[in-house]
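Listed below, chain by chain, are the residues.
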Amino acid sequence: MALVIGLMSGTSVDGIDAALVDLSDATGTLAVTLLAGATYPYPTELRAQILAVCGGASLSMADLADLDDAIAHQFAQAAIAIQTGHPTAVLIGSHGQTVYHRPPKPRRGEESAVGERAPTPYPSPLTPHSLGYSLQLGRGEAIANATGITTISNFRAADIAAGGHGAPLVPAVDVALLSHPTLNRCVQNIGGIGNVAYLPARGQKAMGRWGDGMMEQEKLTTQNASPLPTPYPPRPLSPLGWDTGPGNVLLDLAVQTFSNGTKTYDKDGNWAASGTPCEALVDRWLQQPFFQQQPPKSTGRELFGAAYLHQCVADAEAHSLTHADILATLTALTVDSIVHSYCHFLPQLPDQVLLCGGGSKNLYLKQRLQRQLGDIPVLTTDDVGLNAEFKEAIAFAVLAYWRQQGIPGNLPEATGAQNPVLLGDIHSVYRRGA
Ligand SMILES: Nc1ncnc2c1ncn2[C@@H]1O[C@H](COP(=O)(O)OP(=O)(O)OP(=O)(O)O)[C@@H](O)[C@H]1O
Ligand SMILES: CC(=O)N[C@H]1[C@@H]2OC[C@@H](O2)[C@@H](O)[C@@H]1O[C@H](C)C(=O)O
């Protein structure tokens, strides 16, 4: 058993999620008990700075260094606070704060869209300029020093160096914690950005990785009497994952704009629920390249940010939509982009969808998702015993534990990396005489 802290701040930049967990794998099966979970909001000024940088504001090297350490300080404080009333943790896994994310460039001839075969994740030699880049601030050395606890950080870099997107990483942990013996599950995170982990039932034989030619046409029939179209193209029966597109990021930006800064998000989706979505606009937006692109794929505020929202609002105004209608339409984009990707990129539709992340509390969004998925039950990970609010923080505790044990943490089917790699840089703490 090991007490480990996971720290995460996501694309919503709403604060640092901290989870103190008890990890054990004595029986060869990973078991996680959440002892404490809390969100520590960023100071207003720091959050504004982070959002400005995410939005493309330029920064001097000196300011970058200050921002890095201001974030590290907040993460260290979160790690100290979450241990209150508990024994000291032995390890911290700190994701840090993403301020920039650039997916790898598809190599020539490897671009693919809906209906085409996805590129193999084992491509020919990589050229440096084709690699992705992802920057998380809040340096691990400073967190280790401030807490006195060995800290693992910079989780995305090794996967990116191996040709991957460096994201999404959590699906690997979902496989370990949420796979079901007989049910095919989708775990759908709806944070700032949405991402999915597809977990085939453990009883089904894994068929290998993307593009190895093993397709099972007969598996295409959905097990549910669902009105959804049959997914195409067929895929091997292995776990998968990808970013589905915007989660709450466009909604949050729109709410801030429409409320003149008095609101940061639409609680329970009530404002959106008072409007009507423009289905024609959603269908048009879904034709955009990101939604059509085959996995592996990742995205961030670089694509789905203020400029993107600006275009959406301009499109909506051309349809004379009210603010409430625009929020309803953006909610529909989030939901329909999720369903669209299941229909096109999964080997078969899931038997269950488990939601997590802040968007799982948006009742209006959840209702539409349930309607679009027909008789596929939409639950939350809470319903199966894994805290939906702190799941990402828990995942970084697990990834840190795996790194320390020398276990690769990435799922190449989800990130597109050439091979499994050890994720994260270890910052040990030297104790005199220890
Ligand atoms: N009660 C609620 N009703 C509606 N939306 C909510 C509610 N609670 C949280 N949210 C939404 O969830 C967002 C935060 O979600 P979360 O903390 O999962 O994002 P994140 O971890 O920053 O993002 P990512 O997973 O992309 O890294 C808020 O910005 C808000 O839009
Ligand atoms: C670069 C980056 O921080 N990506 C986040 C973001 O937020 C959701 C989605 O985009 C996901 O790919 C990823 O986070 C989660 C924790 C992941 O890696 O699984």
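Parameters and conventions
- Residues numbered from 1 in each chain as written.
- Chains lettered and ligands numbered in written order.
- Predicted model: local features only at pLDDT ≥ 70, side-chain atom pairs only at ≥ 80, totals over all residues.
- Heavy atoms only, no water.
- Near = heavy atom within 4 Å.
- Polar contact = N/O pair within 3.5 Å; in protein donor to acceptor, adjacent residues only side chain to side chain.
- Areas by Shrake-Rupley, 256 points an atom, 1.4 Å probe, with all protein chains shown as cover.
- Nonpolar A, V, L, I, M, F, W, Y, C, P; charged D, E, K, R; others polar.
- Domains from an automatic or database assignment.
- Buried < 20%, exposed > 50% of the residue type's maximum accessible area, 1.4 Å probe, protein only.
- Helix = DSSP H or I, 4+ residues; strand = E, 2+ residues; numbered from the N terminus.
- Pairing = 2+ DSSP bridges.
- UniProt positions renumbered as here; feature names shortened; annotations may be inferred.
- Contact = heavy atoms within 4.5 Å.
- Axes fitted to C-alpha atoms, helices over the stretch in contact; angles between N-to-C directions.
- Parallel < 35°, antiparallel > 145°, perpendicular 65-115°, else oblique.
- Left-handed = near helix turned anticlockwise from the far one by under 90°.
- Disulfide = S-S within 2.5 Å.

Time to look at the site of ligand 1. Around ligand 1, the structure places 22 residues, and the nearest of them are Thr-11, Gly-192, Asp-252, Asp-268 and Gly-358. Between ligand 1 and Asp-14, the relevant distance is 3.4 Å, taken from an oxygen atom to a side-chain nitrogen or oxygen of the residue. Asp-268 is positioned such that a nitrogen or oxygen atom in its backbone is 2.7 Å from a nitrogen atom of ligand 1. Considered on its own, ligand 1 offers 650 Å² of accessible surface; in the complex 89% of this is hidden by protein. Its residues assigned to classes, the shell around ligand 1 comprises 4 nonpolar, 11 polar and 7 charged. Two domains share the shell around ligand 1, each providing at least three of its residues, namely domain 1 (2-167 + 392-427) and domain 2 (173-384).

All right, on to the pairing of strand E4 (residues 91-102) then. Burial of E4 is extensive: 10 of the 12 residues sit out of reach of the surface. One ladder, built from 5 bridges, connects strand E1 (residues 2-9) with E4; its direction is parallel. Within E4, the residue paired with Ser-9 across the bridge is Gln-97. Sheet analysis places E4 next to strand E6 (residues 151-153), joined by 2 bridges and oriented parallel. Among the inter-strand pairings, Gly-93 is bridged to a residue of E6, identified as Ile-152. Bridging between E4 and strand E5 (residues 133-137) involves 5 bridges; their strand directions are antiparallel. Along E5, the bridge assignment pairs Arg-102 with Tyr-133.

The environment of ligand 2 is made up of 18 residues, and the closest members are Thr-98, Arg-156, Leu-169, Val-170 and Asp-243. In the model, an oxygen atom of ligand 2 is placed 2.8 Å from a nitrogen or oxygen of the Leu-169 main chain. Between an oxygen atom of ligand 2 and a side-chain N or O atom of Asp-243, the distance comes to 2.7 Å. Notes on ligand 2: free accessible area 440 Å², of which the protein chains cover 98%. At the level of elements, E4, helix H5 (170-178), strand E8 (193-199) and helix H13 (391-405) are the ones that each hand at least two residues to the shell around ligand 2. At 3 residues, the largest contribution of residues to the shell around ligand 2 is made by E4. Counting contributing residues per domain, the shell around ligand 2 is built from domain 1 (2-167 + 392-427) and domain 2 (173-384), each supplying no fewer than three.

Right, let's talk about the UniProt feature "binding site: ATP" (unreviewed entry) in the protein for a bit. In the numbering used here, UniProt assigns the "binding site: ATP" (unreviewed entry) feature to Gly-10, Thr-11, Ser-12, Val-13, Asp-14, Gly-15, Ile-16 and Asp-17. Checked against the element boundaries, Ser-12 lands in the loop between E1 and strand E2 (16-24). Since its relative accessible area comes to 16%, Ser-12 is described here as buried. Discounting residues that sit within four places of it in the chain, Ser-12 has contacts with Arg-47, Gly-191, Gly-192, Asp-252 and Arg-301. Considering the arrangement of structural elements, one finds Gly-15 in the loop between E1 and E2. Note on Gly-15: relative accessible area 1%, which makes it buried. If sequence neighbours within four positions are ignored, Gly-15 has contacts with Met-8, Ser-9, Thr-39, Tyr-40, Pro-41 and Tyr-42.

Moving on to the packing of helix H10 (residues 306-318) against helix H11 (residues 323-345). The contact between H10 and H11 brings their axes to 11 Å, and the two run at 120°. The angle between H10 and H11 falls in the class oblique. Helix-helix and strand crossings are classified by hand; for H10 and H11 the assignment is right-handed. Two secondary-structure elements touch here, H10 through Tyr-308, Leu-309, Cys-312, Val-313 and Ala-316 and H11 through Ile-326, Leu-330 and Leu-333. Split by residue class, the contact of H10 with H11 holds 8 nonpolar, no polar and no charged.

Another point: the packing of H5 against H13. To describe two helices that pack against each other, one gives the angle between their axes and the distance between the axes. Axis separation between H5 and H13 bottoms out at 9 Å; the angle between their running directions is 90°. Comparing their axes, H13 and H5 come out roughly perpendicular. Along its contact with H5, which presents Val-170, Ala-172, Val-173, Asp-174, Ala-176 and Leu-178, the element H13 presents Lys-391, Glu-392, Ala-395, Phe-396, Val-398, Leu-399 and Trp-402. Here the contact of H5 with H13 is built from residues that sort into 10 nonpolar, no polar and 3 charged.

Quick look at the state of the cysteines now. Scanning all chains against the criterion turns up 0 disulfides. Just so you know, Cys-278 is unpaired, no disulfide at all, and the nearest cysteine sulfur is the one on Cys-312, 12 Å from it. The exposure class of Cys-278 is buried, given its relative accessible area of 10%. Cys-356 takes part in no disulfide bond, and the closest cysteine sulfur, belonging to Cys-186, lies 12 Å away.

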